[in-house]
Amino acid sequence: MTTQEKREQVIQNIADQLRCNSFTFEFKIVKKPQGIKVIREVTQEELNALLKAAKGGEE
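A few words now on the overall build of the protein chain. Of regular secondary structure, the protein chain possesses two helices and zero strands. Within the protein chain, buried positions represent 0% of all 59 residues. As presented, the protein chain carries roughly 6,400 Å² of accessible surface, and 55% of it is formed by carbon and sulfur atoms. Distance between charge centres in the protein chain, computed from 10 positive and 9 negative side chains, equals 10 Å.

Below is the structure:
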């Protein structure tokens, strides 16, 4: 998979999460902006499940 294909996959995954979860959009004024930051707030249990899924369920 090329870098561009991986980037498109990440963008699609973020779009899917925005469709399924409530979200807010905020502007932050900074002197040297570096782009868009996406932060998803999760509980520790949700993070554990995400990490386990990312590892392919290995443990």
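The subject of this paragraph is a nonpolar patch on the surface. On the surface, a nonpolar cluster with roughly 300 Å² of combined accessible area is contributed by Val42, Leu47, Leu50 and Leu51. Considering the arrangement of structural elements, one finds leucine 47 in helix 2 (residues 44–54).

Under the criterion given, the structure shown has one aromatic pair. Judged by centre distance (5.3 Å) and plane angle (80 degrees), the rings of phenylalanine 25 and phenylalanine 27 are edge-to-face. In terms of burial, phenylalanine 25 and phenylalanine 27 fall into one category: exposed.

To continue, consider the pattern of salt bridges. Evaluated as defined, the whole model comprises one salt bridge. One salt bridge in this structure joins arginine 19 and aspartate 16, with 2.9 Å as the shortest N-O distance. Remark: aspartate 16 and arginine 19 occur in helix 1 (residues 3–20); sequence separation between them is three residues, near one turn of the helix. Exposure remark for arginine 19: the relative accessible area of 60% places this residue in the exposed category. Residue class for aspartate 16 comes out partly exposed when judged on its relative accessible area of 32%.

Rules used throughout
Residues numbered from 1 in each chain as written. Predicted model: local features only at pLDDT ≥ 70, side-chain atom pairs only at ≥ 80, totals over all residues. Heavy atoms only, no water. Helix = DSSP H or I, 4+ residues; strand = E, 2+ residues; numbered from the N terminus. Buried < 20%, exposed > 50% of the residue type's maximum accessible area, 1.4 Å probe, protein only. Areas by Shrake-Rupley, 256 points an atom, 1.4 Å probe, with all protein chains shown as cover. Lys, Arg positive; Asp, Glu negative; His and termini not counted. Charge placed at Lys NZ, Arg CZ, Asp CG, Glu CD. Patch = residues over 30% accessible without salt bridge, like charges linked within 9 Å, V, L, I, M, F, W, Y side chains within 5 Å. Salt bridge = Lys/Arg side-chain N within 4 Å of Asp/Glu carboxyl O. Phe/Tyr/Trp six-rings, centres within 6.5 Å; stacked < 30°, edge-to-face > 60°.

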